[in-house]
Amino acid sequence: MWRSLLVCLCLAQPAHACRTALILAMDVSQSVDPGEYRLQIDGLAAALRDPEISEILVRDQVALSVIQWSGVDAQEVSLDWTQMISPSHVQLFASAVERLPRAFVMSNTAPAEAMRHALRHFDSGPDCARRVIDMSGDGTPNAGGEVRQMRRAAERSGVTVNGLAIEGLGRAITNFYLRNVITADGFVETARGHRDYARAIRRKILREISSVFG
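Residues numbered from 1 in each chain as written. Predicted model: local features only at pLDDT ≥ 70, side-chain atom pairs only at ≥ 80, totals over all residues. Heavy atoms only, no water.

Comments concerning the overall build of the chain
A tally of helices and strands in the chain yields eight helices and six strands. The secondary structure elements of the chain, listed N-terminal to C-terminal, are α-β-α-α-β-β-α-α-β-α-β-α-β-α. For 214 residues, the compact-globule formula gives about 17 Å, and the C-alpha radius of gyration of the chain, at 16 Å, lands near that figure. Taken over the C-alpha atoms alone, the chain extends approximately 45 × 35 × 30 Å along its principal axes. Sequence separation of 24 or more characterises 77% of the internal contacts of the chain that already satisfy a separation of 6 or more. For the chain, the exposed area adds up to about 9200 Å²; of that, 52% sits on carbon and sulfur atoms. (Helix = DSSP H or I, 4+ residues; strand = E, 2+ residues; numbered from the N terminus. Rg over C-alpha atoms; globule rule 2.2 N^0.38 Å. Contact = heavy atoms within 4.5 Å. Areas by Shrake-Rupley, 256 points an atom, 1.4 Å probe, with all protein chains shown as cover.)

Some points on helix H6 (residues 147-156)
Listed in full, the buried residues belonging to H6 are Val147, Met150, Arg151, Ala153 and Ala154. One face of H6 carries all of its buried residues, which in axial projection span an arc of 160 degrees. On its buried side, H6 packs onto helix H5 (111-121), strand E5 (160-167) and helix H7 (172-181). Positive backbone phi, approximately 75 degrees, marks glycine 158, located one or two places after H6. (Buried < 20%, exposed > 50% of the residue type's maximum accessible area, 1.4 Å probe, protein only. Arc of directions from axis to C-beta.)

Some remarks on the confidence of the model for the chain
Chain-level pLDDT for the chain is 91 on average; 91% of the residues reach the 70-or-more range. Within the model, pLDDT remains below 50 along residues 7-14, and this stretch shows nine contacts once partners closer than five positions in the same chain are excluded. (pLDDT = per-residue confidence, 0-100.)

A few points about the packing of helix H3 (residues 51-59) against helix H8 (residues 197-209)
In the contact formed by H3 and H8, the axes pass within 10 Å of each other and the chain directions differ by 30 degrees. Considering the angle they form, H3 stands roughly parallel to H8. Viewed along their axes, H3 and H8 form a crossing whose handedness is left-handed. On the side of H3, the interface is formed by Glu52, Ile53, Ile56 and Leu57, while H8 contributes Arg202, Ile205, Leu206 and Ile209. When the residues that make up the contact of H3 with H8 are grouped by side-chain class, the tally is six nonpolar, no polar and two charged. (Axes fitted to C-alpha atoms, helices over the stretch in contact; angles between N-to-C directions. Parallel < 35°, antiparallel > 145°, perpendicular 65-115°, else oblique. Left-handed = near helix turned anticlockwise from the far one by under 90°. Nonpolar A, V, L, I, M, F, W, Y, C, P; charged D, E, K, R; others polar.)

Structure, rendered in structure tokens:
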């Protein structure tokens, strides 16, 4: 129902210039338990409703899409492209995020395939000045292809890849994202556990859509 409402809302409004097309790619592999999944979608919805972020999303006509990813054959476009033309678009999209059913359970972690899926998804999106993939995850790969190869593919396509590393102890996930996932113009935001996700995703999105990049 929420996907159809978003599509109808998009079709009912004339298209405006889009500054950024942003894919929010969420890790739902087996390392993420049901409570942690809930923290992720609630944190993302709260970030989108943040007044500062909401204002920029509408001002710059940002287009958003949500992908859930896990193993090699486990990627889903959970919310298709929706351009934030008015505050009602932001509120509806945030509500749809809150109601997202989890796409995969008990599956591996294959970020290379997630990045490939996200890059292809831009083909069906609006023509925006910037294209950004927001990769979030709490683990390193245990399946799939070479992540650095997909990073190079993103750079060749002019796509920025940023990372949100959800740490347990130390900086293992952060270092993996720094060395393998993000593009030369990207950055990594670190969450100290899933309970810190809401703070981290707000800070990350704000940085991604504001006028200062990298």
